[in-house]
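Chain residues, written in single-letter form:
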Amino acid sequence: VGFTCTGEELSPYIPPREEVEVSGPIEDLAAFAEKYGVSYFDLKNANLWLRDSKLVNKERKTYYIAIPDVEAEKYDPSQTRVHSMAWVRTPPMLP
C-alpha cells in the first residue's frame with residue numbers, strides 16, 4: 001500500500017526567493033538566471049515546465065518564473081519535519 005521513506009529521504013518545501021512575471025519571450029534562460037543570481041540548473045529545477053533553453057511566448061502570455069532560494073536549499077535532512085509519521089519507516093539497526 002504505497003511507499004514509506006526515512007525522514008532523511010524526504011525533502012522539505014522550500015518556497016522560491018521570488019517569482020518574476022514574464023509577458024514576453026526570453027531568448028536565453030541562462031542569462032536570465034544569471035541576472036537573478038542563480039544558475040541555469042537551479043532555475044530549470046525550480047521551473048520544470050521550462051522545456052528549452054529559451055521561452056518563445058509568441059502569444060505574449062503571462063508566466064511566473066520561480067527564482068529559487070539557493071541558500072535555503074542547504075538544509076539538514078535530519079531536521080525535516082514530517083507531516084504524517086505513517087509515511088516514515090525506521091531504518092534497520094546495524095549489528
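Below, the structure is looked at part by part. (Residues numbered from 1 in each chain as written. Predicted model: local features only at pLDDT ≥ 70, side-chain atom pairs only at ≥ 80, totals over all residues. Heavy atoms only, no water.)

1. Quick word on the layout of surface pockets
Considering only enclosed or pocket space, the largest pocket measures out at about 200 Å³ in volume. If you trace the largest pocket, you find it lined by Tyr-13, Ile-14, Pro-15, Pro-16, Asp-42, Asn-45, Ala-46, Ala-66, Pro-68, Asp-69 and Glu-73. Looking at the lining of the largest pocket, the element that brings in the most residues is helix H2 (residues 40-46), giving three residues. Here the residues of the lining of the largest pocket are counted per class, giving seven nonpolar, one polar and three charged. (1 Å grid on protein atoms, 1.4 Å probe; cavity = no way out; pocket = protein on both sides within 12 Å on 5 of 7 lines; lining within 4 Å. Points joined across faces, edges and corners; volume = space filled by probe spheres on them. Helix = DSSP H or I, 4+ residues; strand = E, 2+ residues; numbered from the N terminus. Nonpolar A, V, L, I, M, F, W, Y, C, P; charged D, E, K, R; others polar.)

2. Quick notes on the environment of Asp-42
For Asp-42, the location among the structural elements is in helix H2. Overall, the relative accessible area of 17% leaves Asp-42 in the buried class. (Buried < 20%, exposed > 50% of the residue type's maximum accessible area, 1.4 Å probe, protein only.)

3. Brief notes about the packing of aromatic side chains
Summed over the entire model, instances satisfying the criterion amount to two aromatic pairs. Between Phe-32 and Tyr-36, the ring centres sit 5.0 Å apart and the planes meet at 50°, which makes this aromatic pair tilted. Exposure remark for Phe-32: the relative accessible area of 11% places this residue in the buried category. Ring centres of Trp-49 and Tyr-63 lie 5.4 Å apart, and the angle between their planes is 15°; on these two criteria the pair is classed as stacked. Of this pair, Trp-49 sits in the loop between H2 and strand E2 (63-67) while Tyr-63 sits in strand E2, and the two are 14 residues apart along the sequence. In this structure Tyr-63 comes out as partly exposed when scored by relative accessible area, which is 25%. (Phe/Tyr/Trp six-rings, centres within 6.5 Å; stacked < 30°, edge-to-face > 60°.)

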